[in-house]
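If you want the building blocks of each chain, they are given just below.
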Amino acid sequence: MIEVGIFIFVMGLIMGSFLNVCICRIPEGQSIAYPPSHCSNCNTRLKPWDLVPVLSYIFLRGKCRYCKSKVSIQYPAMEVLTGIVYLLIYMRYGLTSYTLRYIILSSFLIVIAMIDFKTTDIYDATVIIPAVIAVGFMVYDYLNHFNVSSRVFGVILAFFIIGAIILITKAMGTGDLEVYMLIALYVGFKGTIFVILTSIIIGGIVGLILIATKKKTKKDFIPFGPYIVIAGIIFMLYGNQILNWYLSLIVI
Ligand SMILES: [Zn+2]
């Protein structure tokens, strides 16, 4: 249904605007609710018409209405990205509880990836809150006689595989482990295998490119959270098709 799709896309734009606030304020230790949105340069409190996702940015040509300082392209980019991710999830799962679950998970993952990318830190609250929600969904599923063991085994798998990688190579941190376990709580055992392999492949390729182009050296710390998040979102949207395609190659 196109109307529902448009509604979900607009919800994504609005949510993306809120995720921007989280991305900016959580690393600073500030409240995400107070104070209300203000220009980070002149501190003028923004009016509702300054805060319309994407449109305000376009009409104000990327500048603050009051002090004319430049507004980061990150703001409209995150709004559009969130809108597109929400819409793709809806197109994949329709009006089912999976759409709700994956919209919740992807929202937190976007915040985790952006904060890790900017600060190389993963904040506990951004992992614990969606994990608690996931456990709520698991209890609900269990009471309705749906199988939840795949998710439990996914978390155990992530704990041991990523735990071993951390102990042996020190290439990842405990924050990365938390993100893998969080995703496992939503995507189950097969999804966890997919996300671990895909994130390591993507992270490895990007790492090699950064080293080859001398933007980083082997000693530099490269935050891994964004790759885990990208792999998680790929699995939500296309994981089963990719797995079936891959299996069909092996079986034939
Ligand atoms: Zn300003």
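Thresholds, definitions, all that
- Residues numbered from 1 in each chain as written.
- Predicted model: local features only at pLDDT ≥ 70, side-chain atom pairs only at ≥ 80, totals over all residues.
- Heavy atoms only, no water.
- Helix = DSSP H or I, 4+ residues; strand = E, 2+ residues; numbered from the N terminus.
- Buried < 20%, exposed > 50% of the residue type's maximum accessible area, 1.4 Å probe, protein only.
- Contact = heavy atoms within 4.5 Å.
- Areas by Shrake-Rupley, 256 points an atom, 1.4 Å probe, with all protein chains shown as cover.
- Lys, Arg positive; Asp, Glu negative; His and termini not counted.
- Charge placed at Lys NZ, Arg CZ, Asp CG, Glu CD.
- Core = buried A, V, L, I, M, F, W, Y, C linked by side-chain atoms within 4.5 Å.
- Domains from an automatic or database assignment.
- Buried area = accessible area lost by both parts, 1.4 Å probe.
- Donors = N, O, S within 2.8 Å, 3.2 Å for Na, K, Ca; no water.
- Patch = residues over 30% accessible without salt bridge, like charges linked within 9 Å, V, L, I, M, F, W, Y side chains within 5 Å.
- Salt bridge = Lys/Arg side-chain N within 4 Å of Asp/Glu carboxyl O.

## Quick notes on the overall build of the protein
- Tallying secondary structure elements over the protein gives eight helices and zero strands in all.
- Counted from the first residue to the last, the protein has its helices and strands arranged as α-α-α-α-α-α-α-α.
- For the protein, with 252 residues in total, the buried portion stands at 41%.
- Of all intrachain contacts in the protein linking residues separated by at least 6 positions in sequence, the fraction that spans at least 24 positions is 65%.
- Accessible surface computed for the protein: about 14600 Å², of which carbon and sulfur atoms make up 72%.
- Charged side chains of the protein number 19 positive and 11 negative; the gap between the two group centres comes to 8 Å.

## Quick word on the nonpolar core
- Formed by 48 residues in total, the largest nonpolar core has its most connected members in Leu109, Tyr180 and Tyr186.
- For this core, the elements supplying multiple residues, two or more each, are helix 1 (2–25), helix 3 (74–93), helix 4 (97–119), helix 5 (124–143), helix 6 (149–169), helix 7 (174–212) and helix 8 (225–251).
- Take this core: its biggest share by element is twelve residues, from helix 7.
- The two domains that each donate at least three residues to this core are domain 1 (1–95) and domain 2 (121–252).

## So, the domain arrangement of the protein
- Considered domain by domain, the protein is made up of domain 1 (1–95) and domain 2 (121–252).
- On a C-alpha basis, the centroid separation for the pair domain 1 and domain 2 is 27 Å.
- Opposite the six residues of domain 1 that make contact, domain 2 presents seven residues.
- A combined buried area of about 660 Å² lies between domain 1 and domain 2, and 66% of that area is made up of carbon and sulfur atoms.

## Observations regarding the coordination of the zinc ion
- Around the zinc ion, the protein supplies Cys39 (SG), Cys42 (SG), Cys64 (SG) and Cys67 (SG) as donor atoms, at distances of 2.3 Å.
- The sequence pattern formed by the donor residues of the zinc ion is C-x2-C-x21-C-x2-C.
- When its relative accessible area of 27% is taken as the criterion, Cys67 is described as partly exposed.

## Digging into a positive patch on the surface
- Residues Arg61, Lys63, Lys68 and Lys70 make up a contiguous surface patch of positive charge.
- Tracing the chain through its elements places Arg61 in the loop between helix 2 (55–59) and helix 3.

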